[in-house]
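Here's the letter readout for the chains.
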There are 2 protein chains.
Amino acid sequence: MLKEFHLHIKNHFPELKNTVFLLACSGGLDSVVLAHLFAKLNLQYALAHCNFNLRGKESNGDEKFVESLAIELKKECFVTSFNTKEYISKNKVSLQVAARELRYNWFAKVMEKNGIEKLVTAHHADDNLETFLINLSRGTGIDGLTGIPAKTDTISRPLLRFSREQILEYANSEKLKWREDSTNKEIKYVRNKIRHQIVPLLKELNPTFLANFIKTQDYLKQSSILAEDYLEQVKEKLLKKEGDIVKIEIAELKKCVPLNAYLYGLFKEYGFTEWDDVAGLLVGESGKEVFSKTHRLLKNREYLLLQNLNTEVNQRYQIDSDRIDLKVPFHMSISEVKTMTKTSGTTLYVDEETLKYPLTIRKWEKGDYFYPIGMKGQKKKVSKFFKDEKMSLIEKEKQWILCSENNIVWIIGKRADERYKISNKTKSILKFSVL
Amino acid sequence: MLKEFHLHIKNHFPELKNTVFLLACSGGLDSVVLAHLFAKLNLQYALAHCNFNLRGKESNGDEKFVESLAIELKKECFVTSFNTKEYISKNKVSLQVAARELRYNWFAKVMEKNGIEKLVTAHHADDNLETFLINLSRGTGIDGLTGIPAKTDTISRPLLRFSREQILEYANSEKLKWREDSTNKEIKYVRNKIRHQIVPLLKELNPTFLANFIKTQDYLKQSSILAEDYLEQVKEKLLKKEGDIVKIEIAELKKCVPLNAYLYGLFKEYGFTEWDDVAGLLVGESGKEVFSKTHRLLKNREYLLLQNLNTEVNQRYQIDSDRIDLKVPFHMSISEVKTMTKTSGTTLYVDEETLKYPLTIRKWEKGDYFYPIGMKGQKKKVSKFFKDEKMSLIEKEKQWILCSENNIVWIIGKRADERYKISNKTKSILKFSVL
């Protein structure tokens, strides 16, 4: 596998050479193999391990194991520890969501603080197959079937073309040691049931099942991109924003055949699902309306009007040069500090001289862009950033943004902007902490 | 279920009321339930049963069973018998393909002869799920995952929203009898393995698995339609036909980002699969080329040239008014007859006065359309017809078409054109028979 992997890195991940990256390592089979493979290829990286404190002694054992691995491989090692259960009850999210948010937020902080631009994770083809089947069981659209991407701006997943079997084979042939997560064997969890019961049967159907699946996901991804590109064009033409409301001319909408495909494409992101009802608006009387959890579609003479039910969306809050701590819509302390200390969770340090008061706290708006830190000054649409972060519509609407004039300083808790970062010319450091 | 089914027919298949249709009946659970449900709703239909002679006495028993069912339900019954094994060895196709071709060709003939416009089949949601998993195991694109459609111009599948379990429940509650296909229990067949081993586990993941799956397929279908609509537009812009060759301006192609999604969209139907190689042409030297099984892509200065490797594609054959039997590219007898006799396989009867000699036999061309018989004079693109028939590129290229001037008379063996059919004014009937 080493040779194959080497070639794969050379052809598809050349950016991992000549740079230092962060390698997310749980201590499990996949990330341990990745760390060893990279060490063999003389790639430069630091390990990063999160202790979620969910399995008592086992969790602490994992942490120690990764620290020893780092010593063995002569790599730097970042470790952190979370009170995951508290995070879950505080934020009312699932374990999966909590773990993902905690992990990726912390990785981003470590990278920011250490000038690291890429995160590498050990996801492989079986992970994608399992996620595909989980999403299938819950019902999903094409995006739920295309899988985790091999590359985003900041994350690379070089094992995504390899199977768990190949990874295990390599570990055994190299006599590697890794930590087994005891919960991986319990088939009461959906993913484990899929892994241990369903996937083996699927692979029996066809000896090249997994390779075929990888190809299928590639094809789906291409179709998804084409559909999305087309929708951008259709939306540009059909959706006219007027203040808080989006207007759609019914006569234009009626030209779209088959109608339901277009209704789905245009309105799915607003939470609508009952397309026959939406189609009914086009021929119904003025005043007729259909609701999703977050939006209303109202027929008003020759137009459909799309409106957000959450009035908070259009609210704005100001921070003046007196820098009084924010109380509404959430608590955030603002203070001048001498140095950057170890960051945890949701803290931002900026060069105060780059800011122009009053600062604004608001939700995202169509057309928003920023210069994500660590991307060498590359500009990125906020909508694209949200998409890469796989944020749901609800998550997007909950997301607050800190602006200086109308420039984005911080996608709060998620990503800072390059233009406001601390440099060796910074005279005054301002610290924002979400409490 | 009867009530639910009644409502479903009323809302989604109103065309089945006030018309006589053909109900494909194997004698198995699904089609027997469909026949009974329709009888309860007082719908007008005739049964049609194919005996494929693959299971000896069992096959003959099925045939007798359907004939008795027809008597019980007081319906007309059409029955035919095929030498399926001979068809397989003669045409070098799989059992599935043979059975499908034989079945649908015969249904079309029965319908044509009896003035029946719709065929109804008993496919249900589990059939679609099984096909989804079969295609997934083999590797597929989005089209392989969207399932068999609930409706085409001539086929309706009113049970597609119902599960096998619901159908079985209805059969038991009504104490219906049906024939069990003994091979359905053998898990050596891929479909049976999926049905008996994999699907039950998937349904255990989520009590609403099948309902979610139906929704997922709907969403995929919508995305697929959007991607296809977009591709039509992109192809229109980028692919320029010049004689046998399609020219693509490289500078225009390079504007398509991400390139691979567009290469896939534009060239997948020509059998290309190695997108990195195709992308390589854009930056490679003039004269560089990539081959699929059927096509060549050649870089020629500022253009990519797409060429069919099968020179037969552009060949044409004529039939003059002396109506000599065709020998090349295949055997077809042409003769004037007094009456239409029972048709079998690939025979067409036309009103000779509607023809203009010389007739032409050729392959299909971009822009081809015709007026499929039984569609009330509705026009249909041949490309759309091929798509609905789920024909592969190879099948499309093998397909011959009979034309009068440049109007399509017959998609040979598949579908006749409305404009040339026999009417009560016909003076001279011409019979074409592919041998």
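The name given to chain A in an unreviewed UniProt entry is tRNA(Ile)-lysidine synthase, and the organism recorded there is Saonia flava. In its Sequence similarities (unreviewed entry) section, the UniProt entry covering chain A states "Belongs to the tRNA(Ile)-lysidine synthase family." Within the UniProt record for chain A, the comment given under Catalytic activity (unreviewed entry) is "cytidine(34) in tRNA(Ile2) + L-lysine + ATP = lysidine(34) in tRNA(Ile2) + AMP + diphosphate + H(+)".

Colleague: I tried to follow the environment of H331(A) on my own but got confused; where do I start?
Modeller: Residues and elements named next belong to chain A. In this structure, H331 sits in the loop between β11 (316–319) and β12 (332–337). By relative accessible area, H331 is classed as partly exposed at 41%. Sequence separation between H331 and V434 is 103 residues; the distance between their C-alpha atoms is 6.0 Å. Beyond its immediate sequence surroundings of up to four residues, H331 is in contact with L326, S433, V434 and L435.

Colleague: Quick question: what am I supposed to make of the sheet that holds strand β13 (residues 347–351) of chain B here?
Modeller: Strand pairs in the sheet, formed through backbone hydrogen bonds, run parallel or antiparallel to each other. Residue and element names in this part refer to chain B. Ordered by their spatial adjacency, 3 strands build an open sheet running β12-β20-β13, and the pairing between neighbours is antiparallel. The open sheet has two edge strands with one neighbour each: β12 (332–337) and β13. Direction aside, neighbouring strands of the sheet carry axes that sit 20° apart on average. With 5 bridges connecting them, β13 and strand β20 (residues 429–434) associate as antiparallel partners.

Colleague: It is not clear to me how the UniProt feature "binding site: ATP" (unreviewed entry) in chain A should be interpreted in this structure. Could you clarify?
Modeller: Residue and element names in this part refer to chain A. Here, the residues flagged by UniProt with the feature "binding site: ATP" (unreviewed entry) are S26, G27, G28, L29, D30 and S31. Judged by its relative accessible area of 43%, S26 is partly exposed. Apart from residues lying up to four places away in sequence, S26 is in contact with S31, H49, D62 and V66. Examined against the element boundaries, D30 turns out to sit in helix α2 (residues 29–40). A residue is classified by how much of its surface remains accessible, and D30, at 18% relative accessible area, is buried. Contact partners of D30, with chain neighbours within four places excluded, come to A122, H124, L159 and I167.

Colleague: Where do I start with the interface of chain B and chain A in this structure?
Modeller: Think of interface size as the accessible area that goes away when the parts come together; that is how it is often given. If you look at the interface, chain B gives 48 residues, while chain A gives 48 residues. Looking only at chain B, the three residues that lose the most surface to chain A are L205(B), Y219(B) and L226(B), adding up to 16% of its buried area. Between chain B and chain A we count 4 salt bridges in total. One salt bridge in this structure joins K193(B) and E204(A), with 2.7 Å as the shortest N-O distance. Across the chain B-chain A interface, the total number found is 13 residue pairs in polar contact (both at pLDDT 80 or more). Secondary structure elements with two or more residues in the side of chain B that touches chain A: α6 (125–138), α8 (190–205), α9 (209–238), α11 (259–267) and α12 (275–283) of chain B.

The rules we used
- Residues numbered from 1 in each chain as written.
- Chains lettered and ligands numbered in written order.
- Predicted model: local features only at pLDDT ≥ 70, side-chain atom pairs only at ≥ 80, totals over all residues.
- Heavy atoms only, no water.
- UniProt positions renumbered as here; feature names shortened; annotations may be inferred.
- Helix = DSSP H or I, 4+ residues; strand = E, 2+ residues; numbered from the N terminus.
- Buried < 20%, exposed > 50% of the residue type's maximum accessible area, 1.4 Å probe, protein only.
- Contact = heavy atoms within 4.5 Å.
- Pairing = 2+ DSSP bridges.
- Axes fitted to C-alpha atoms, helices over the stretch in contact; angles between N-to-C directions.
- Buried area = accessible area lost by both parts, 1.4 Å probe.
- Salt bridge = Lys/Arg side-chain N within 4 Å of Asp/Glu carboxyl O.
- Polar contact = N/O pair within 3.5 Å; in protein donor to acceptor, adjacent residues only side chain to side chain.

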